[in-house]
Amino acid sequence: MAFQMQAGPPRSKQDNSEALMWQQGGYGVLDSGVHSGATTGAHSIRDEEMDDGSLLFDLDSQGYSGFTTDQVDEMNAELNVTRSQRVRAAMFPETLDEGVEIPSTQFDPSVPTAVQRLAEPAQMLKHAVVNIINYQDDADLATRAIPELIKLLNDEDQVIVSNAAMMVHQLSKKEAARHAIMSNPQLIAALVRAISSSNDLDTTKGAVGTLHNLSHHRQGLLAIFKSGGIPALVKLLSSPVETVLFYGITTLHNLLLHQDGSKMAVRLAGGLQKMVSLLCKNNVKFLAIVTDCLQILAYGNQESKLIILASQGPIELVRIMRSYDYEKLLWTTSRVLKVLSVCGSNKPAIVEAGGMQALSLHLGHPSQRLVLNCLWTLRNLSDAATKVDGLEGLLQGLVNSLSSEDGNIVTCAAGILSNLTCNNQQNKVVVCQMNGIEALVRTVRAAGDREEITEPAVCALRHLTSRHPVSEMGQNAIRLSYGIPVVVKLMQPPSRWPLIKAVIGLIRNLALCPANHAPLREHGAIARLVHLLMRAYQDSQRRTSVSSGGSTALYPDGVRMEEIVEGTVGALHILARESHNRAQIRGMNVISIFVQLLYHELENVQRVAAGVLCELASDKEGADMIEREGATTTLTELLHSRNEGVATYAAAILFRMSEDKSSDYKKRLSMELSNSLFDRESMWGHEMGGPPPDFQVD
């Protein structure tokens with residue numbers, strides 16, 4: 001050792017024995033003087049009467065071998081000599097000579113020594129220092145080389161230009177050199193000129209490769225943009241070389257994502273047309289970048305959408321959705337289609353290209369983002385696809401999607417079903433046969449007050465319960481699915497008018513099935529309809545007064561109160577076909593409103609009002625109440641209405657009201673009817689309980 005303690009008397013034999021025992025406390029392992037403490041324990045308090053022999057016996061009994069003093073001294077000396085080598089082996093292994101054996105001080109492989117613990121941070125520090133040195137070297141090299149490279153890039157000899165471009169490309173692969181290049185506008189401009197003017201492939205590769213590397217930094221993007229690089233990059237999209245195409249499209253993609261002003265520059269350079277032409281390629285990762293560029297350019301820009309349409313973009317995009325299974329490509333393509341699907345010009349083109357069927361192929365995909373984009377696109381397209389046939393697969397997928405736990409998916413599925421079942425008998429039948437009624441009822445029940453789900457779901461149910469061969473099956477299915485109380489409840493707050501309007505239409509359709517009359521009455525449908533009628537009628541009266549005063553009447557949630565009046569009266573008309581329902585309606589003091597509605601300016605309102613009065617007049621009590629409201633004169637005038645339904649209902653009501661009148665009254669009524677525009681036989685050639693057929697709309 002370099003220093004030895006001289007203080008105190010010489011050690012006795014017992015002292016040497018204790019020193020030997022302490023050295024053996026590390027389980028017979030001797031280190032170089034740097035102890036980690038990982039293998040040592042706290043000092044124990046032992047009995048002073050315990051002799052050394054007993055301690056050594058205890059240690060040996062555990063399987064540890066002892067060493068003599070001379071052996072310990074010899075090992076210490078050897079370890080002291082090799083200490084520096086062990087440190088070098090751990091921290092700087094590349095400095096050791098080959099074949100040199102270093103004695104190990106590690107006894108347990110799972111417990112590293114102190115030197116080994118320092119090895120990793122020391123290596124990291126060494127690499128950091130080396131990187132700093134290399135970084136500075138790269139920066140200095142680039143800074144010195146750039147002025148000369150600019151001259152070479154502007155040389156007339158294309159071979160020199162090509163070599164210079166490749167040299168710049170190599171420099172741009174190192175971070176320090178990249179920053180130096182980005183900071184020199186003249187060099188960026190020279191690269192852009194080389195791309196624009198040279199036909200040499202190596203020159204183009206080197207120059208655009210450099211721009212690609214720079215485009216991963218905001219400073220580089222700004223430098224490319226300011227140097228007019230976008231037109232040059234767009235030009236490269238016509239290159240037949242895959243490498244050049246990749247560099248060009250990825251650089252443009254980075255510009256579109258992160259550089260202000262790039263979108264307009266790409267549009268002005270004709271980039272949209274070039275990108276659409278690239279959709280015929282078959283490299284899925286390349287196509288994913290192209291489609292993402294198209295989405296960025298088309299979003300919020302109608303002109304871009306029309307350019308994509310004129311370039312046959314919808315056809316190619318639909319083909320991609322039908323031909324590939326790479327999730328990222330499908331997702332980016334569905335995003336483009338979603339943007340285009342809100343354009344009135346692109347929408348029919350996508351549908352005609354088979355977009356509905358292509359998008360439906362992915363509704364069962366495990367990627368939620370893909371499924372959701374397909375559904376939003378389908379929803380946007382669905383109002384233009386009501387006449388499209390062959391959508392059975394899509395309809396099945398939509399019914400299945402109603403059971404999703406994702407509210408957005410359910411919202412889209414319900415909306416698409418609502419559109420596709422509107423005025424399409426085939427789709428209505430298919431959905432009914434797929435148990436779509438039951439699925440929609442479950443959806444409405446689970447949605448609670450989430451009107452973004454309940455409104456389209458109720459609209460779909462309204463379509464499925466009228467005007468198709470199995471509509472009666474749908475009307476019964478709602479009752480059998482315990483849907484009537486759920487539907488009736490939606491006519492109460494907090495439902496808004498668009499939802500209420502849809503529910504009223506659904507209840508009217510449900511009333512077409514006689515088996516639904518009693519459940520509807522028992523769950524309060526008639527009372528709610530009358531309440532809504534009175535509220536809407538009073539509100540429409542106030543709005544009429546406001547309009548006559550020169551003010552503009554605003555409609556709540558876009559729904560005219562006249563529509564609510566027509567809907568509620570129409571539903572009550574169908575419900576009044578049942579005697580118990582008629583009795584309840586008569587007791588709700590609403591007949592006076594029906595009579596007043598006979599004067600309404602809208603013929604449809606007149607028709608439904610005359611229809612419900614016709615049903616109520618089936619009973620003597622109802623006929624008397626109608627007469628007491630002074631309806632006779634109005635009904636007589638309506639005999640000459642231009643609307644055949646109104647005139648027929650009016651004639652039927654007057655006939656029923658005259659049943660207990662004198663023969664003179666009946667004779668005068670008969671003459672009035674004869675003078676009307678309708679032939680007596682056409683009016684009374686059937687049972688008086690069923691004047692004209694019901695007017696139904698989806």
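Please read these numbers as outputs of a predicted model, since none were measured by experiment.

Engineer: Requested: an account of the overall build of the protein, with residues and values cited.
Structural biologist: In terms of helices and strands, the protein carries 40 helices and 0 strands. Classification of the 698 residues of the protein by burial places 48% in the buried group. In the protein, of all internal contacts separated by at least 6 residues, the share reaching a separation of at least 24 is 72%. Just so you have it, the protein exposes about 34800 Å², and 53% of that area is on carbon and sulfur atoms.

Engineer: Can you tell me about the pattern of salt bridges, naming the residues and giving the values?
Structural biologist: Summed over all chains, the structure comprises 15 salt bridges. One salt bridge in this structure joins Glu 451 and Arg 496, with 3.5 Å as the shortest N-O distance. Note that Glu 451 is positioned in helix α26 (residues 451-464) and Arg 496 in the loop between α28 (484-489) and α29 (497-510), a separation of 45 residues in sequence. One salt-bridge network, held together by shared partners, links Glu 451, Arg 496 and Asp 557.

Engineer: Talk me through the packing of aromatic side chains; I want residue IDs and the actual numbers.
Structural biologist: Summed over all chains, the structure comprises 1 aromatic pair. Their ring planes at 50° and their centres at 6.1 Å tell us that Phe 246 and Tyr 247 sit as a pair that is tilted. The exposure class of Phe 246 is partly exposed, given its relative accessible area of 39%. The ring of Trp 331 has Arg 335 lying over it, and the distance from NZ or CZ to the ring centre is 4.9 Å. Arg 369 extends its terminal NZ or CZ atom over the ring of Trp 331, reaching a point 3.8 Å from the ring centre.

Engineer: Can you break down the packing of α29 against helix α32 (residues 561-575) residue by residue, with the values?
Structural biologist: It is the contact of α29 with α32, at a shortest axis distance of 8 Å, that shows an interaxial angle of 20°. Accordingly, the angle class assigned to the pair α29 and α32 is roughly parallel. Where α29 crosses over α32, the two elements pack in a sense that is left-handed. Contacts from Trp 497, Lys 501, Ile 504 and Arg 508 of α29 reach α32 at Met 561, Glu 563, Ile 564, Gly 567, Thr 568, Gly 570, Ala 571 and Ile 574. Along the lines of polarity and charge, the residues of the contact of α29 with α32 split into 6 nonpolar, 3 polar and 3 charged.

Engineer: Go over the nonpolar core with me, naming the residues and quoting the values.
Structural biologist: In this structure, Met 275, Leu 398 and Phe 594 are the most contacted members of the largest nonpolar core, which totals 183 residues. Top contributing element to this core by residue count: helix α15 (residues 284-298), with 10 residues.

Engineer: Which residues make up the confidence of the model for the protein, and what are the values?
Structural biologist: Low pLDDT means the predicted coordinates in that region are not meant to be read closely. Per-residue confidence for the protein averages 83 on the pLDDT scale, and 75% of its residues sit at or above 70. In this model residues 1-64 is a low-confidence stretch, pLDDT under 50, and it forms 45 contacts with partners more than four residues away in sequence or in other chains. Low confidence marks residues 677-695, where pLDDT is under 50. Its contacts with residues over four positions away, or in another chain, come to 36 contacts.

Engineer: I'd like to hear about the packing of helix α21 (residues 368-382) against helix α23 (residues 407-420), residue by residue, with values.
Structural biologist: Viewed as axis vectors pointing N to C, α21 and α23 meet at an angle of 25°, and their least axial separation amounts to 9 Å. Considered as vectors, α21 and α23 are oriented roughly parallel to each other. Pair α21 / α23 crosses with left-handed handedness. Between α21 and α23, the contacting residues are Gln 368, Val 371, Leu 372, Leu 375, Trp 376, Leu 378, Arg 379 and Ser 382 on the first element and Asn 408, Ile 409, Thr 411, Cys 412, Gly 415, Ile 416, Asn 419 and Leu 420 on the second. Across the contact of α21 with α23, the residue classes tally to 9 nonpolar, 6 polar and 1 charged.

Engineer: Break down the environment of Glu 563 for me, citing the residues and quoting the values.
Structural biologist: Among the secondary structure elements, Glu 563 is positioned in helix α32. With a relative accessible area of 29%, Glu 563 lands in the partly exposed category. Linking Glu 563 and Lys 501, residues 62 residues apart in sequence, is a C-alpha distance of 7.8 Å.

Engineer: Could you give an account of unusual backbone geometry, naming the residues involved and the relevant values?
Structural biologist: Residue Pro 494 is reached from Pro 493 by a cis peptide bond, and omega for that bond is 10°. Secondary-structure assignment places Pro 494 in the loop between α28 and α29. Backbone geometry at Asn 435 places phi at a positive 65°, although glycine is not the residue there. Within the fold, Asn 435 resides in the loop between α24 (425-433) and α25 (436-447). A positive phi angle, near 60°, is found at Arg 467, a position not held by glycine. When you line up the elements, Arg 467 lands in the loop between α26 and α27 (471-480). Here Arg 467 falls in the partly exposed class, since its relative accessible area comes to 39%.

Engineer: Which residues make up α21, and what values go with them?
Structural biologist: Along an α-helix, residues three or four apart share an orientation, since each turn contains 3.6 residues. Taking 1.5 Å of rise per residue, 15 residues should cover 21 Å, and α21 covers 20 Å from first to last C-alpha, within 8% of that figure. On its buried face, α21 is in contact with α17 (313-323), α18 (327-340), α19 (346-352), α20 (355-360), α22 (392-401) and α23.

Engineer: Any details on the environment of Ala 176? Residues and values, ideally.
Structural biologist: For Ala 176, the position within the fold is in helix α7 (residues 175-182). Along the primary structure Ala 176 and Thr 143 are separated by 33 residues, whereas in three dimensions their C-alpha atoms are 9.7 Å apart.

Engineer: I'd like a rundown of helix α12 (residues 242-258), residues and numbers included.
Structural biologist: In a regular helix each residue adds 1.5 Å, so 17 residues correspond to 24 Å; α12 covers 24 Å between its end C-alpha atoms and thus fits that length. In terms of burial, α12 is largely enclosed, as 12 of its 17 residues are buried. Every buried residue of α12 is listed here: Val 244, Leu 245, Tyr 247, Gly 248, Ile 249, Thr 250, Thr 251, Leu 252, His 253, Asn 254, Leu 255 and Leu 256.

Engineer: Break down the environment of Ile 350 for me, citing the residues and quoting the values.
Structural biologist: Counting through the fold element by element, Ile 350 comes out in helix α19. In contact with Ile 350, not counting residues within four places along its chain, are Pro 314, Val 318, Leu 337, Leu 340, Ser 341, Gly 355 and Leu 381.

Engineer: Hey, could you go over the side chain of Ser 418 for me, with residue numbers and the actual values?
Structural biologist: Here Ser 418 lies in helix α23. Taking the relative accessible area as the measure of exposure, Ser 418 reaches 8% and is therefore buried. Apart from the residues within four sequence positions on either side, Ser 418 is in contact with Pro 456, Cys 459, Ala 460 and His 463.

So, how was this worked out
Residue positions within a chain follow its written sequence, with the count starting from 1. With pLDDT at 70 or above as the cut-off, local features in this predicted model cover only qualifying residues; side-chain atom pairs require 80 or more to be listed or tallied, and sums for whole chains, interfaces and linings still use all residues. Only hydrogens and water are removed before side-chain values are computed, so all heavy atoms of the structure are retained for them. Comment: elements are numbered from the N terminus, with helices defined as DSSP H or I runs of at least four residues and strands as E runs of at least two. Exposure classes here rest on a 1.4 Å probe applied to the protein chains alone. A residue is buried below 20% of its type maximum, exposed above 50%, and partly exposed in between. Working rule for contacts: check all heavy atoms of both residues, and any pair within 4.5 Å makes them a contact. The Shrake-Rupley method, run with a 1.4 Å probe sphere, supplies the accessible areas, and residue values consider only the shown protein chains as cover. Here, a salt bridge means any Lys or Arg side-chain nitrogen found within 4 Å of an Asp or Glu carboxyl oxygen. Here the aromatic set is Phe, Tyr and Trp, taking the six-membered ring for Trp, and pairing holds for ring centres within 6.5 Å; pairs whose planes are under 30 degrees apart are stacked, those over 60 apart are edge-to-face, and all others are tilted. A ring is scored as having a charge over it whenever the NZ atom of a lysine or the CZ atom of an arginine sits within 6 Å of its centre and within 35 degrees of its normal. Orientation is described by lines fitted to C-alpha atoms, with helices fitted over the stretch in contact, and by angles between N-to-C directions that extend from 0 to 180 degrees. Roughly parallel covers angles under 35 degrees, roughly antiparallel covers those over 145, roughly perpendicular covers 65 to 115, and oblique covers all other angles. Handedness of a crossing is defined here by the sense of rotation of the near helix relative to the far one, left-handed for an anticlockwise turn of less than a right angle and right-handed for a clockwise turn. The nonpolar class holds Ala, Val, Leu, Ile, Met, Phe, Trp, Tyr, Cys and Pro. Asp, Glu, Lys and Arg form the charged class, and all remaining residues, Gly among them, are polar. In these notes, a set of buried Ala, Val, Leu, Ile, Met, Phe, Trp, Tyr and Cys residues joined through side-chain atoms within 4.5 Å is what counts as a nonpolar core. Per-residue confidence from the predictor is reported as pLDDT, which spans 0 to 100. One fewer than the residue count of a helix, multiplied by 1.5 Å, yields its expected span.

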